[in-house]
Amino acid sequence: MAISKSPKDWRPATRMVHAGSIRSQFGEMSEAMFLTQGFVYPNMEAAEARFKGEDPGFIYARYGSPTAAMFEERMCALEGAEAARSTASGMAAVTAAIMGQLKAGDHIVAAKALFGSCRYVVEDLMPRFGVPCTLVDGTDYAQWQAAMRPNTKVLFLESPTNPQLEIIDIRRVADIAHAGGATLVVDNVFATPLLQSPLQLGADCVVYSATKHIDGQGRCLAGMVLGSAEFIDKHIHNFLRQTGPSVSPFNAWVMVKGLETLPVRVAQQMRNAEQIADFLAEQPQVKRVLYPTRKDHPQHDVAMKQMKGGGTIVAFDIRGGKDEAFRFANALSIIKISNNIGDAKSIITHPATTTHQRIGPVARAEIGIGDSLLRYSVGLEDVEDLIEDLRAGLAAV
Ligand SMILES: *Cc1c(COP(=O)(O)O)cnc(C)c1O
């Protein structure tokens, strides 16, 4: 006789399809989109109980809504986290994860190699509120250690980093954070929840831009903050409720449906990326390929230790400079020039003139973003078509 398991024993792909579903009295198959600002109480006593927190129902969509709750539950099931809160964008999640923990007089330590907007939050925004930030080379653990001060409260990193796919040892940085009485926040966008589990590596909080692989078809913005129930309750819950970067029910619904296909999309995009990284590495017009699970990646050992795969993004330097990189990208036809990642459509980006233009040439040089660097987010197209497209680019160099 078959014994059916409880949802928490399901394997990840099963959780992605079923976890967190809330069915209305109509028993709809596909998750419903609850497009409502608020909720009706049966009587005054019920309204009072709900506001007092004695009844767990919904109050107001800025605080939470059934569609956002499904998205949060499904993300918790995927990440193995106790609690999560959804946000309007990845940057709202990053800002909440950092600001929610800090007050004037505290100090942040962050890796230099960050997504441009993340770098703005730690480097420009937080110091305006009396929270200075020390930026370190994320792969130099002596620098993390040396940057710690008695008032250091938050360490922040991305791994793999955007765009040069540097791998930072999450366990080592978590140990430094905890020894100094600080927490570690990890932006796990590039790895996706399927290929790396920062909470299990010692991080206190993990953040996502769901805009990327979780949507996976470039439709909507959303974000997610995950951690222990205590962490979310203490630092995130009230910050998000009162400041209001809530996800719209429509966007949350798109993400809930996106999660159902995330494992198959990421697996196929990663197979394409692995093949493309190996192809590019053999081309004379390519100076260097960066892909975490290739043996020639500078932090290959750390990648193999903490990741289940190299991900869906390949970075590479064309021989030459900006002109050669532009000629290459302008000659592509299937692979689009844009700046999203994780999309079903292949996307190429020139970080020096777009996503990392703001930080200037000196800061770019410090984190290895040269004028010949291209970031390729590999899509779901047939890999043979993608390789033919890349050949056309290389011929134009
Ligand atoms: C895109 C991205 C973000 C920001 O997410 P949005 O949804 O665009 O606000 C943060 N971190 C990383 C690594 C990203 O790639």
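Conventions and cut-offs
Along each chain, numbering runs from 1 in the same order as the chain's sequence is written. In keeping with the predicted nature of the model, local features appear solely for residues at pLDDT of at least 70, side-chain atom pairs appear and are counted solely at 80 or more, and the whole-chain, interface and lining totals rest on all residues. Heavy atoms throughout the structure, all of them, feed into the side-chain values; hydrogens and water do not. In this analysis a 1.4 Å probe is tested at points of a 1 Å grid over the protein atoms alone, and where it fits but cannot get out there is a cavity; an open set with protein on both sides within 12 Å along at least five of seven lines is a pocket; lining residues have an atom within 4 Å of a point. Grid points are joined across faces, edges and corners, and a volume is the space filled by probe spheres set on the points. Under the scheme used here, helices are H or I runs from DSSP no shorter than 4 residues and strands are E runs no shorter than 2 residues, and both carry numbers assigned from the N terminus. For this classification, the nonpolar set comprises Ala, Val, Leu, Ile, Met, Phe, Trp, Tyr, Cys and Pro, the charged set comprises Asp, Glu, Lys and Arg, and every other residue, Gly included, is treated as polar. What makes two strands pair is DSSP finding at least two bridges between them. Between the N-to-C directions of two axes lies an angle of 0 to 180 degrees, each axis being a line fitted to C-alpha atoms and, for a helix, fitted only over the stretch in contact. Note on contacts: a residue pair is in contact if any heavy atoms of the two residues lie within 4.5 Å. One heavy atom within 4 Å of a molecule or strand makes the whole residue count as near it. Distance and chemistry together define a polar contact, namely a pair of N or O atoms within 3.5 Å, with one atom able to donate a hydrogen and the other to accept it when in protein, and with adjacent residues in sequence counting only for side-chain atoms on both sides. Any molecule with more than half of its atoms within 2 Å of a cavity's or pocket's grid points is counted as sitting in it. What a helix should span is 1.5 Å times the count of its residues minus one. In this scheme, a residue with accessible area under 20% of its type's maximum is buried, one over 50% is exposed, and one in between is partly exposed, where area comes from a 1.4 Å probe on protein chains only. In this context, the arc is that of the directions from the helix axis out to the C-beta atoms. Classification of ring pairs uses Phe, Tyr and Trp, with its six-membered ring standing for Trp, and accepts pairs whose centres are within 6.5 Å; under 30 degrees between planes counts as stacked, over 60 as edge-to-face, and the remaining range as tilted. Whether a charge sits over a ring depends on NZ of Lys or CZ of Arg being within 6 Å of the ring centre and within 35 degrees of the ring normal. For patch building, the residue pool is restricted to those with more than 30% relative accessible area and no salt bridge; the joining distance is 9 Å between like charges and 5 Å between nonpolar side chains (Val, Leu, Ile, Met, Phe, Trp, Tyr). All accessible areas in this document rest on Shrake-Rupley with a 1.4 Å probe, and a residue is counted as covered only by the protein chains that are shown. Salt bridges are defined as contacts in which a side-chain nitrogen from Lys or Arg sits within 4 Å of a carboxyl oxygen from Asp or Glu. Nonpolar core, defined: a set of buried Ala, Val, Leu, Ile, Met, Phe, Trp, Tyr and Cys residues in which side-chain atoms within 4.5 Å join the residues together.

As a further point, take the layout of surface pockets. For the largest pocket, the calculated volume is near 450 Å³. Surrounding the largest pocket, 25 residues form its lining, Met-91, Phe-115, Ser-117, Ser-209 and Lys-212 being those nearest its centre. Only helix 4 (90-99), helix 5 (116-125) and strand 6 (205-209) provide two or more residues apiece to the lining of the largest pocket. Partitioning the lining of the largest pocket into residue classes produces 10 nonpolar, 10 polar and five charged.

Attention shifts here to the sheet that holds strand 10 (residues 336-337). Pairing is mixed in the open sheet, where five strands are placed in the order 8-9-12-11-10. Looking at which strands have only one partner, the edges of the open sheet turn out to be strand 8 (286-290) and strand 10. Strand direction decides the pairing type here: strand 9 (residues 313-318) and strand 12 (residues 373-377), joined by five bridges, are antiparallel. The residue bridging Asp-317 from the neighbouring strand is Leu-373, located in strand 12.

What follows deals with the sheet that holds strand 6. If you trace the seven strands from one edge of the open sheet to the other, you get 1-7-6-5-4-2-3, paired in mixed fashion. With partners counted over all chains shown, the strands left at the sheet margins are strand 1 (83-87) and strand 3 (133-136), one partner each. Sheet twist, expressed as the mean angle between neighbouring strand axes with direction ignored, is 20 degrees. Direction of pairing for strand 6 relative to strand 7 (residues 223-227): antiparallel, over a ladder of five bridges. Following the sheet pairing, Val-207 is matched in strand 7 by Val-225. Strand contacts of helix 7 (residues 170-179): strand 4 (152-158) and strand 5 (183-187), with the helix running at about 150 degrees to strand 5, the strand carrying the most contacts.

The subject of this paragraph is the site of the ligand. Surveying the vicinity of the ligand reveals the residues Ser-89, Gly-90, Met-91, Phe-115, Cys-118, Glu-158, Asp-187, Val-189, Phe-190, Ser-209, Thr-211 and Lys-212. The separation between an oxygen atom of the ligand and a polar main-chain atom of Met-91 is 2.8 Å. Between Lys-212 and the ligand, the recorded distance is 2.8 Å, taken from a side-chain N or O atom to an oxygen atom. Its atoms largely coinciding with the cavity grid, the ligand occupies the largest pocket. Of the residues belonging to the shell around the ligand, the class tally is five nonpolar, four polar and three charged.

The subject of this paragraph is helix 14 (residues 383-396). The terminal C-alpha atoms of helix 14 lie 20 Å apart, and with 14 residues this matches the ideal 20 Å at 1.5 Å per residue to within 8%. Among the residues making up helix 14, those that are buried are Val-383, Leu-386, Ile-387, Asp-389, Leu-390, Gly-393 and Leu-394. When helix 14 is viewed along its axis, its buried side chains cluster within an angular range of 160 degrees and face the same direction. Opposite the buried face of helix 14, at more than 90 degrees from it, the exposed residues are Glu-388 and Ala-395. Close packing links the buried residues of helix 14 with helix 10 (249-281), strand 8, strand 9, helix 12 (322-330) and strand 12. The N-cap residue of helix 14 is Asp-382: its side-chain oxygen and the backbone nitrogen of Glu-384 are 2.8 Å apart.

For the rest of this paragraph, the subject is the pairing of strand 7. Summarising burial for strand 7: five of the five residues are buried, a large majority. Two elements, strand 1 and strand 7, share five bridges in a ladder whose sense is antiparallel. Residue pairing across strands places Ser-86 opposite Met-224, the latter belonging to strand 7.

One pass over the structure, following the stated rule, counts five aromatic pairs. The positively charged end of Arg-241 is found above the aromatic ring belonging to Tyr-63, 3.8 Å away from the centroid.

A word on the side chain of Arg-294. Considering the arrangement of structural elements, one finds Arg-294 in the loop between strand 8 and helix 11 (300-306). With sequence-adjacent residues up to four places away left out, Arg-294 is seen in contact with Ala-277, Asp-278, Ala-281, Val-289 and His-300.

Nonpolar side chains collect at one region of the surface, where Met-33, Leu-35 and Phe-250 lie side by side and expose about 290 Å² of accessible area between them. With respect to the helices and strands, the residue Phe-250 is situated in helix 10. Phe-250 gets classed as partly exposed once you look at its relative accessible area, which sits at 39%.

Moving on, we come to the nonpolar core. With 54 residues, the main nonpolar core has Phe-71 and Phe-316 as its most contacted residues. Among the elements that take part in this core, helix 10 stands out by supplying 13 residues, more than any other. Apart from the residues lying within four places of it in its own chain, the contact partners of Phe-71 are Ser-86, Ala-210, Ile-214, Ala-222, Gly-223, Met-224, Ala-252, Met-255, Val-256 and Leu-259. Grouped together as the second largest cluster of nonpolar side chains are 26 residues, Ala-83, Val-94, Val-185 and Cys-205 included.

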